[in-house]
Amino acid sequence: MKQYIEKLIKSSFDKLCAAGELSTAYPKVQIDASKDLQHGDFACNIALALAKEAKRKPRDVAEMIVKNLPSSPRILKVEIAGPGFINFFLTPQAFQAIIPEILTAGKNYGRVDIGKGQRILVEFVSSNPTGPLHVGHGRHAAYGAVVSDLLEYIGYSVHREYYVNDAGRQMDILAVSVWLRYLELCGETFPFPANAYKGDYIVAIAKNLKEKYDRNLFKLTKDVFVDLPLDEPAGGDKEIYIDALIARTKKLLGEDFYLQVFDLTLETILTNIREDLAEFGVTFQEWFSERSFTQTDIVDRHIAQMQKDGLVYEQDGALWFRSSNYGDDKDRVLQRANGMRTYFANDLLYHIHKFERGFTSAIDIFGSDHHGYIPRMKAGLQAYGIAPERLTYLLVQFVTLYRGGEQVQMSTRSGSFVTLRELREEVGNDAARYFYVMRKCEQHMDFDLDLAKAKSNENPMYYVQYAYARICSVFRQLAEKQITFTPEEGLAHLELLTQPQELKLLATMAEYKDVIVSAATLHEPHQLTQYLRELANDFHTYYNACQFLVEDAHLRAARLILIMAVRQVLGNGLQLIGVSTPENM
RNA sequence: GCACCAGUGGCUCAGCUGGAUAGAGCAACGGACUACGAAUCCGUAGGUCGGGGGUUCGAAUCCCUCCUGGUGCACCA
């Protein structure tokens, strides 16, 4: 409808230009659905935008535009108001036309083709496989999934990717943690390292290890801990201590056995993460392994290329990337003095590789604590000749859990955290999905478990689902009362839909496409939850104001076809955010 | 110290590519079931949009500055 009105305005504008009344360029105009019914259905600000350049009063410009508007069966009247807004009042027919459009498109109502099939890579969650997903990851998962689905809905070809950090020191600490628990299961006792992973899942993996290998991986405690530096509780440094312990473990077990422990640990945790996400309705096209990527020669080749291009220099035995030439605060190390590549080096090349794989753009959904990382990554891409705008960072703020009015303390290392799985079991997938995307991503989220569990009417998800179920219930009543109804009957009498509540519902439904496009392009799923609440509210209001199953067969059919369209839009929206559409509750 | 995000009714938030009287929900108060589900609806009350400057026809929105909260500033990942 907006586009339609814009066309009318453009036509009037062109006419004025041709007549020499106006000589300015067509400005950026805004056409918005009015908040206040007194301001009509849509308002346009073109006169205010033009006034300055045309050197006329806004209201005069508005008058000229209105005078030259082509007439249309969809426009009831046009008024000039306030400082120079042009308000459009639509005819009921204009609203009613939305119903056949919705019902014809069905599940695809709302789909548009803005993306034109462009390939876009969305990387999200990418949590280190060092433990189960917790509630923070859940927000990333839900948000990333909905953003991806929305982009797909507007015509992009979306590739959802999980970057598996299966290399590096954290993974070694994890493997050692498991092995030490294994030793305990073999009957050894010793103080557990301060910096090791302590969650129950570590013990569970150790049990598997014990079952699979019995005592084949066993080493005596005294051999493991002999001549190690002091751990933190003893006054030492926990980082130095754990590194020494990793080296000792590798030495005692040998490379093959160490890898067995490592792989079993990784596989167990990764499988758990995969299943957890799948149950949450979040799936990926690709699980991209850091380890296998860094084992290729791509990384070395790219670093060599950067050296050749003069983007890199050597200092204190390390290899530095001149990121400060590209807007970063300082230069960054790619290769440490000990010959090891930094995480940044691998990650940068991974991102370059994304574009080499043919994606026109990429989105990274990261925790907001990574914000400082963005400039160096963009610098790296730019240095490589990849326009930094092709990579978009979406930063997701933390989730704080409240239970019994108190903040739940969370720490991955100490193992005291609430997992996504626990959350899903407590509040259900639907509520979790809905709540996670209800807030814009950069907004810090307080998640009150008691409230979410309460399943009271404070939960906006129930409100929307209830509207859907209520409509289903009406159609069940229809069957019980053996009233016949066909969509054709309804479509034939749309002109009977003239009640204010009916026009409001039609107007809200007509906005759906705009909401989808806006939510998708701005990566703001909360716009959709907000919209669904409004549509549900319009329906509930209608429900209380008018009866559907009335005597008059024509009116009845028209009303039924209307709520059928409402059900379609509610269903499409709920599906997009990954929430079920129960026919009764 | 530098950087990023946030600061809107009692609470949780929307509005932020400048637009008409700042919107919802919850909580509070008052109403509506002999009708398709009252898990609903309708109404009332409640706000110096963190403070102060500026830009302009117009600022919650843009600029500057200050204050508060969170986060980040490794040859860790």
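For clarity, every value in this text was computed on a predicted model and none was experimentally measured.

The rules behind each value
Residues numbered from 1 in each chain as written. Chains lettered and ligands numbered in written order. Predicted model: local features only at pLDDT ≥ 70, side-chain atom pairs only at ≥ 80, totals over all residues. Heavy atoms only, no water. Helix = DSSP H or I, 4+ residues; strand = E, 2+ residues; numbered from the N terminus. Buried < 20%, exposed > 50% of the residue type's maximum accessible area, 1.4 Å probe, protein only. Contact = heavy atoms within 4.5 Å. Areas by Shrake-Rupley, 256 points an atom, 1.4 Å probe, with all protein chains shown as cover. Lys, Arg positive; Asp, Glu negative; His and termini not counted. Charge placed at Lys NZ, Arg CZ, Asp CG, Glu CD. Polar contact = N/O pair within 3.5 Å; in protein donor to acceptor, adjacent residues only side chain to side chain. Near = heavy atom within 4 Å. Nonpolar A, V, L, I, M, F, W, Y, C, P; charged D, E, K, R; others polar. Phe/Tyr/Trp six-rings, centres within 6.5 Å; stacked < 30°, edge-to-face > 60°. Lys NZ or Arg CZ within 6 Å of the ring centre and 35° of its normal. Pairing = 2+ DSSP bridges. Right-handed = clockwise from strand over helix to strand, strands pointing away.

**Things to note about the overall build of chain A**
Within chain A one finds 23 helices and 15 strands. For chain A, the spread of C-alpha atoms along the three principal axes comes to 90 × 65 × 40 Å. Of all 585 residues assigned to chain A, the portion counted as buried reaches 51%. Contacts in chain A between residues far apart in sequence, at least 24 positions, make up 72% of those at least 6 positions apart. Accessible surface, chain A as shown: approximately 26800 Å² in total, 49% of it carbon and sulfur. Between the averaged position of the 65 positive side-chain charges in chain A and that of its 75 negative side-chain charges there is a distance of 3 Å.

**Quick word on the side chain of His-493**
Here His-493 shows up in the loop between helix 19 (487-491) and helix 20 (500-510). Using a relative accessible area of 16% as the deciding quantity, one classes His-493 as buried. Of the polar contacts made by the side chain of His-493, one reaches the side chain of His-554; its length is 3.3 Å. With residues up to four places along the chain from it excluded, the contact list for His-493 reads His-554 and Ala-558.

**Examining the protein's contact with RNA strand B**
Neighbouring RNA strand B are 57 residues, the closest being Phe-85, Arg-336, Tyr-463, Tyr-466 and Arg-470. Atoms of RNA strand B within 4 Å of the protein: sugar and phosphate make up 64%, bases the balance. A distance of 3.1 Å separates a base nitrogen of RNA strand B from a polar atom in the backbone of Phe-548. The set of elements that each furnish at least two residues to the surface near RNA strand B consists of strand 4 (85-90), strand 9 (318-321), helix 18 (460-480) and helix 22 (526-545). Counting residues per element, the surface near RNA strand B draws most heavily on helix 22, which supplies eight residues. For the surface near RNA strand B, the residue count by class is 21 nonpolar, 23 polar and 13 charged.

**Here we look at the packing of aromatic side chains**
Scanning the model with the defined rule gives 26 aromatic pairs in all. Here Phe-293 and Tyr-350 contribute two aromatic rings whose centre-to-centre distance is 6.4 Å and whose plane-to-plane angle is 70°, an arrangement assigned as edge-to-face. Note that Phe-293 is positioned in helix 11 (residues 290-295) and Tyr-350 in helix 13 (residues 343-356), a separation of 57 residues in sequence. On the basis of relative accessible area, Tyr-350 is assigned to the buried category, the value being 0%. Over the face of the ring belonging to Phe-218 we find Arg-215, whose NZ or CZ atom lies 4.4 Å from the ring centre.

**Some points on the pairing of strand 6 (residues 157-164)**
For strand 6, the tally of buried residues reaches seven of eight residues, placing the bulk of the element in the interior. Of the strand pairs in this sheet, strand 5 (residues 119-123) and strand 6 are connected by five bridges, and their pairing is parallel. Residue pairing across strands places Ile-120 opposite Val-158, the latter belonging to strand 6. One crossover worth recording links strand 5 to the parallel strand 6 by way of helix 6 (residues 135-153), and it is right-handed. Of the strand pairs in this sheet, strand 6 and strand 7 (residues 286-289) are connected by four bridges, and their pairing is parallel. Looking at the pairing, Tyr-162 lines up with Trp-287 of strand 7.

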